[in-house]
Amino acid sequence: AAIKKASLACEALCLWVGAMYKYHFVAKAVEPKRQLLREAEADLEQCMAKLEAAQQALREVHNKIQKLESDYNQAIAKQEALQ
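The structure reproduced in this document is the subject of the present report. Residue positions are given per chain, counting from 1 as you read along its sequence in written order. Only residues with pLDDT of 70 or above have their local features reported here, since the model is predicted, and side-chain atom pairs are shown and tallied only from 80 upward, although totals for entire chains, interfaces and linings are computed over all residues. To get the side-chain values, all heavy atoms of the structure are used, and hydrogens and water are removed first.

### Points about the environment of glycine 18
Step number 1: Put simply, DSSP H or I for four residues or longer makes a helix, DSSP E for two residues or longer makes a strand, and each gets a number counted from the N terminus. Summarising the element assignment, glycine 18 is placed in helix α2 (residues 8–82).
Step number 2: Think of it in three bands: residues with accessible area under 20% of the maximum for their type are buried, residues over 50% are exposed, and the middle band is partly exposed, with areas taken using a 1.4 Å probe on protein chains only. Looking at glycine 18, the relative accessible area reads 29%, which means it is partly exposed.
Step number 3: Distance in space between the C-alpha atoms of glycine 18 and glutamine 55 is 54 Å, their sequence separation being 37 residues.

Right, here's the structure in full:
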């Protein structure tokens with residue numbers, strides 16, 4: 001209040017300096033957390049790539065099993081037809 005009586009410009013400058021002071025400590029506390037987040041996101045991206053590769057391999061195995069079952073069923077049907 002005393003600063004406001006002296007100068008409105010000085011009051012605005014004091015408010016800005018106070019906000020920057022608070023921001024400094026907040027940014028100082030948040031930056032390690034941001035770094036951890038970036039590392040976790042990089043790990044997640046690697047894990048998702050591994051998961052996608054594993055799911056693709058699983059799909060290929062399922063397709064192969066379905067083909068083998070189909071071939072087996074056709075062979076059984078052919079065998080029964082010949083008997």
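### Quick notes on the pattern of salt bridges
Here the idea is simple: oppositely charged side chains can pair when their charged atoms come close.
Step number 1: A pair is scored as a salt bridge if a Lys or Arg side-chain nitrogen falls within 4 Å of a carboxyl oxygen belonging to Asp or Glu. The full count for this structure, using the stated rule, is three salt bridges.
Step number 2: A salt bridge links arginine 38 to glutamate 31; the nearest nitrogen and oxygen atoms lie 3.0 Å apart.
Step number 3: Residue arginine 38 is classed as partly exposed on the basis of its relative accessible area, which comes to 42%.
Step number 4: We classify glutamate 31 as partly exposed; its relative accessible area is 35%.
Step number 5: With its nearest N and O atoms 3.1 Å apart, the salt bridge here joins lysine 67 to aspartate 71. Here the residue lysine 67 and the residue aspartate 71 both occupy positions in helix α2, the gap between them amounting to four residues, near one helical turn.
Step number 6: Among the residues examined, lysine 67 registers a relative accessible area of 52% and is labelled exposed.

### Topic: a nonpolar patch on the surface
Step number 1: Taken together, the side chains of Leu13, Trp16, Val17, Met20 and Tyr23 define a hydrophobic patch exposed on the protein surface, amounting to about 550 Å² of accessible area.
Step number 2: Relative to the elements of secondary structure, tryptophan 16 occurs in helix α2.
Step number 3: A relative accessible area of 53% places tryptophan 16 in the exposed class. Only residues above 30% relative accessible area that lack a salt bridge enter a patch, with like-charged residues linked at up to 9 Å and the nonpolar side chains Val, Leu, Ile, Met, Phe, Trp and Tyr linked at up to 5 Å. For every accessible area listed, the method is Shrake-Rupley and the probe measures 1.4 Å; residues are considered covered only by the protein chains on display.

The values reported here are purely geometric and, on their own, carry no functional implication.
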